[in-house]
Amino acid sequence: MATRGLRAEAGNRIGVSELEKMSLEQLKSLKEQSDLEVNLLQDSLNKIRTAATRLEITFTALHDLSLRPQGKKLLVPLTASLYVPGTLDDADRVLVDVGTGYFIEKTMTEGKDYCDRKINLLKSNYEELIEMTSKKKNIADEVGMILQAKLRESSTGT
């Protein structure tokens, strides 16, 4: 029950005076929870950054593909390390991976627009997560400082 109350408090801005009134156990629990949230948010930031980079690479590949003439010989990637020889048949039609194994055939322009929209969405989410991570990190730092001060008080008091 106490943990649930701390979670609710961690989501909002906790005042320093409220933190100082908490017991050592509550502060430790809040610190652990805040650190966990910060780590999860940082993992999410890394995943979003990776996804955006992949989409930017895809966008560049689509642009390069659109410049090649029909009938051009090229290597087609089957996996990250396996390529097979192929011939460009129609550079104006592409298959777009929309997730979970589903592909949609689109024109080259629609494929580029799709990538561009996804990149912008990921960048927007990335900026929001950076702000949220910063706030959570500040809370974790405040809790850590107060926890250390209380631990020093209790060790000098005994």
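None of these values were measured; they are calculated from a predicted model.

Draft legend 1. View of a nonpolar patch on the surface. A cluster of nonpolar side chains, namely V76, L78 and L82, defines an oily patch on the protein surface of about 250 Å² accessible area. You can see L78 is positioned in the loop between β1 (73-77) and β2 (83-87).

Draft legend 2. The nonpolar core, seen in detail. Ranked by size, the top nonpolar core spans 15 residues in total, and within it I48, L55, L62, V94, L122 and L129 carry the most contacts. Within the residue set of this core, elements represented by two or more residues are α3 (24-67), β3 (93-99) and α4 (108-157). No other element matches the seven residues that α4 contributes to this core. Beyond its immediate chain neighbours, meaning those up to four positions away, L62 contacts V94, M108, G111, K112 and C115. Counting residues in hydrophobic clusters, the runner-up holds eight residues, among them M22, V143, I146 and L147.

Draft legend 3. The arrangement of α3 in detail. In this model, α3 (44 residues) spans 64 Å end to end at C-alpha, consistent with the 64 Å of a helix rising 1.5 Å per residue. Among the residues of α3, L27, L30, Q33, S34, V38, L41, L45, I48, A52, L55 and L62 are the ones counted as buried.

Draft legend 4. Representation of the side chain of K106 in the model. Relative to the elements of secondary structure, K106 occurs in strand β4 (residues 102-107). Despite being buried, K106 has no salt bridge partner; E110 is the closest side chain of opposite charge, sitting 5.1 Å away. Those residues in contact with K106, other than ones at most four positions away along the chain, are D92, R93, V94, V96 and G111.

About the cut-offs
- Residues numbered from 1 in each chain as written.
- Predicted model: local features only at pLDDT ≥ 70, side-chain atom pairs only at ≥ 80, totals over all residues.
- Heavy atoms only, no water.
- Patch = residues over 30% accessible without salt bridge, like charges linked within 9 Å, V, L, I, M, F, W, Y side chains within 5 Å.
- Areas by Shrake-Rupley, 256 points an atom, 1.4 Å probe, with all protein chains shown as cover.
- Salt bridge = Lys/Arg side-chain N within 4 Å of Asp/Glu carboxyl O.
- Helix = DSSP H or I, 4+ residues; strand = E, 2+ residues; numbered from the N terminus.
- Core = buried A, V, L, I, M, F, W, Y, C linked by side-chain atoms within 4.5 Å.
- Buried < 20%, exposed > 50% of the residue type's maximum accessible area, 1.4 Å probe, protein only.
- Contact = heavy atoms within 4.5 Å.
- Expected span 1.5 Å × (residues − 1).
- Lys, Arg positive; Asp, Glu negative; His and termini not counted.

In short, shape yes, function no, at least from these values alone.
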